[in-house]
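In case you want the letters, here they are:
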Amino acid sequence: MTRGRGSTTFVPVDFVQITTTTETAAEARKIADHLVEQRLAACVQVMGPITSTYRWQGSVERAEEFMCFVKTRCAMAAKVEAAIVSLHSYENPEIVVTPIEGGSSDYLAWVASETTPDP
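Owing to the predicted nature of the structure, the values given are computational and were not obtained by experimental measurement. (Residues numbered from 1 in each chain as written. Predicted model: local features only at pLDDT ≥ 70, side-chain atom pairs only at ≥ 80, totals over all residues. Heavy atoms only, no water.)

Participant: Just to check I follow, could you spell out the overall build of the chain for this structure?
Facilitator: When helices and strands are counted, the chain shows 3 helices and 4 strands. Counting from the amino terminus, the chain carries its helices and strands in the arrangement β-α-β-β-α-β-α. When the 119 residues of the chain are sorted by exposure, 36% land in the buried category. A separation threshold of at least 6 residues defines the contact pool for the chain, and within that pool the share at least 24 residues apart is 75%. Carbon together with sulfur atoms contributes 52% to the accessible area of the chain, which is approximately 7100 Å² in total. (Helix = DSSP H or I, 4+ residues; strand = E, 2+ residues; numbered from the N terminus. Buried < 20%, exposed > 50% of the residue type's maximum accessible area, 1.4 Å probe, protein only. Contact = heavy atoms within 4.5 Å. Areas by Shrake-Rupley, 256 points an atom, 1.4 Å probe, with all protein chains shown as cover.)

Participant: Looking at this structure, I do not really get the nonpolar core. What am I missing?
Facilitator: Grouped burial of nonpolar side chains is what soluble globular proteins tend to show. The biggest cluster of nonpolar side chains holds 18 residues, and the ones touching the most others in it are Ile-18, Leu-35, Leu-40, Val-44, Val-70, Val-80 and Ile-84. Listing elements by their share of this core, those giving two or more residues are β1 (8-22), α1 (25-37), β3 (59-73) and α2 (77-87). Beyond its immediate chain neighbours, meaning those up to four positions away, Leu-35 contacts Leu-40, Ala-41, Val-44, Val-70, Val-80, Ala-83 and Ile-84. Counting residues in hydrophobic clusters, the runner-up holds 5 residues, among them Phe-15, Ala-42, Ile-100 and Val-111. (Core = buried A, V, L, I, M, F, W, Y, C linked by side-chain atoms within 4.5 Å.)

Written as structure tokens, this is what we have:
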């Protein structure tokens, strides 16, 4: 379904949003810069600080963190995960992949073009 510029389109699940959290803003920026520079993501938004409450090694913990929202193609998800793991300071970083079932056709075309290697 396409209704013109900026319209919402329901597409096959070709796009995903991957989220991760980091201990510092600097670490989030490092991950964001790497993913965009390597064309693994079209965009990474960093939000924070946020407060996370979680159970770790039998105890309830609370920490200030920064959340990264990674926009990419489904085909890039494994490479994005590997990059996050290699750059991340956490022993077990959050990496959650959520399918994008629809969105602006222009925006999704941009995500596709920015995550395709240069010819």
